[in-house]
Amino acid sequence: MIVLNINGESRSVDVPDDMPLLWVLRDVIGLTGTKFGCGIAQCGACTVHLDGAAVRSCVLPVSAVGSKAVTTIEGVGASAVGKKVQQAWLDIEVVQCGYCQSGQIMSATALLAATPEPSDAEIDVAMSGNICRCGTYVRIREAIKQVATGQKVAPQTIPNVAPTASPAAAAAALLSFVRVEDVA
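Below you will find a few notes about this structure.

What counts and how
- Residues numbered from 1 in each chain as written.
- Predicted model: local features only at pLDDT ≥ 70, side-chain atom pairs only at ≥ 80, totals over all residues.
- Heavy atoms only, no water.
- Pairing = 2+ DSSP bridges.
- Helix = DSSP H or I, 4+ residues; strand = E, 2+ residues; numbered from the N terminus.
- Axes fitted to C-alpha atoms, helices over the stretch in contact; angles between N-to-C directions.
- Contact = heavy atoms within 4.5 Å.
- Core = buried A, V, L, I, M, F, W, Y, C linked by side-chain atoms within 4.5 Å.
- Buried < 20%, exposed > 50% of the residue type's maximum accessible area, 1.4 Å probe, protein only.
- Parallel < 35°, antiparallel > 145°, perpendicular 65-115°, else oblique.
- Left-handed = near helix turned anticlockwise from the far one by under 90°.
- Nonpolar A, V, L, I, M, F, W, Y, C, P; charged D, E, K, R; others polar.
- Expected span 1.5 Å × (residues − 1).
- Salt bridge = Lys/Arg side-chain N within 4 Å of Asp/Glu carboxyl O.

**Side note on the sheet that holds strand E4 (residues 53–56)**
With mixed pairing, 5 strands are arranged side by side in an open sheet as E2-E1-E5-E3-E4. Sheet topology places strand E2 (9–13) and E4 at the edges, where each strand pairs with a single neighbour. Looking at each pair of strands side by side, their axes are set apart by 40° on average, direction ignored. As judged from the 4 bridges shared by strand E3 (residues 47–50) and E4, these two strands associate in the antiparallel manner. Residue Leu50 lies in a different strand from E4, and its bridge partner there is Ala53. Contacts between helix H3 (residues 101–114) and the sheet are confined to E3, E4 and strand E5 (69–71), with E3 contributing the most and set at about 35° to the helix.

**Regarding the pairing of E2**
Across a regular strand the side chains alternate sides, sitting on one face of the sheet and then on the other. In the sheet, strand E1 (residues 2–6) pairs with E2 via 5 bridges, with the strands oriented antiparallel. Note on E2: the bridge partner recorded for Ile2 is Val13.

**Quick word on the nonpolar core**
By size, the foremost hydrophobic cluster in this structure holds 18 residues, and its most contacted members are Val85, Trp89 and Ile144. Secondary structure elements with two or more residues in this core: helix H2 (80–92), H3, helix H4 (120–127) and helix H5 (137–149). Of all the elements, H3 adds the most residues to this core, at 5 residues. Not counting residues up to four positions away in its chain, the partners in contact with Ile144 are Trp89, Ala108, Leu111, Leu112, Pro118, Ile123 and Met127. Of all hydrophobic cores here, the second largest spans 16 residues; its members include Leu4, Leu21, Leu31 and Val65.

**Looking at the packing of H3 against H4**
As a packed pair, H3 and H4 sit with axes 9 Å apart at the nearest point and diverge in direction by 135°. In terms of their interaxial angle, H3 and H4 are classed as oblique. As H3 packs across H4, the resulting crossing turns out to be right-handed. Residue-level contacts link Gln104, Ser107, Ala108 and Leu111 of H3 to Glu122, Ile123, Ala126 and Met127 of H4. Tallied by class, residues from the contact of H3 with H4 come to 5 nonpolar, 2 polar and 1 charged.

**Structural notes on H5**
Relative to the 18 Å expected for 13 residues at 1.5 Å per residue, H5 spans 18 Å between its end C-alpha atoms, a close match to the ideal helical length. Every buried residue belonging to H5 is among Arg139, Ile140, Arg141, Glu142, Ala143, Ile144, Gln146 and Val147, and all of these are buried. Close packing links the buried residues of H5 with H2, H3 and H4. In the stretch just after H5, Gly150 is the one whose phi turns positive, near 80°.

**Description of the environment of Met106**
One can find Met106 in helix H3. We classify Met106 as buried; its relative accessible area is 0%. Residues Met106 and Cys46, 60 residues apart in the sequence, show an inter-C-alpha distance of 9.2 Å. With near-sequence residues (within four places) excluded, Met106 lies in contact with Thr47, Val48, His49, Thr71, Thr72, Ile73 and Val76.

**Points about unusual backbone geometry**
The residue Ala41 is not glycine, and still its phi comes out positive at about 60°. Following the sequence through the fold, Ala41 ends up in the loop between helix H1 (21–29) and E3. On the basis of relative accessibility, which here comes to 23%, the residue Ala41 falls in the partly exposed class. Positioned with a positive phi, Asp51 is a non-glycine residue whose angle comes to about 50°. Inspection of the secondary structure assignment puts Asp51 in the loop between E3 and E4.

**Section: the pattern of salt bridges**
A full pass over the atoms with the stated rule returns 5 salt bridges. Across the pair Asp124 and Arg141 runs a salt bridge, and its minimum N-O distance is 2.3 Å. Of this pair, Asp124 sits in helix H4 while Arg141 sits in helix H5; the two residues are 17 residues apart in sequence, bridging distant segments of the chain. Residue Arg141 is classed as buried on the basis of its relative accessible area of 14%. Because the salt bridges share partners, they merge into one network encompassing Asp120, Asp124, Arg141 and Lys145.

Laid out in structure tokens, this is it:
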């Protein structure tokens, strides 16, 4: 029997020591907000907090958790930073399909709890292990900055282009919306 501290509650589970924490959370305890993505700690969908640090639960054996506090997406809103991050995600309308977003929120919350005013480089490093197939990276960054600065940011939307506009005008309107950041 393994005793875990999950979202502030003590939970006893009878599972093999090498069972990944992800499967204990989802299949044994029933907390399904943490997602399975790749199974090799590369996509970030399974991110949870272990004593406040973002970790990939798909490769973390449950026996390695010990007495450390586990926080999942279901419990992150209990912290002040987690609540602000969740609100910023709504304000900025980050989510498209939503599959990766629990992991994104968990990584962003860990970053902001440790570094309340992160630089762009610090955001890049903290969020680099989280993949979003929908490509909401710009909105994710804006949501993180909203929490860091306390200033509301308007959600970015693709501008409507009149159907009678020429293809060149439509392309120019769309390109004026797209932000290109330095990529090296």
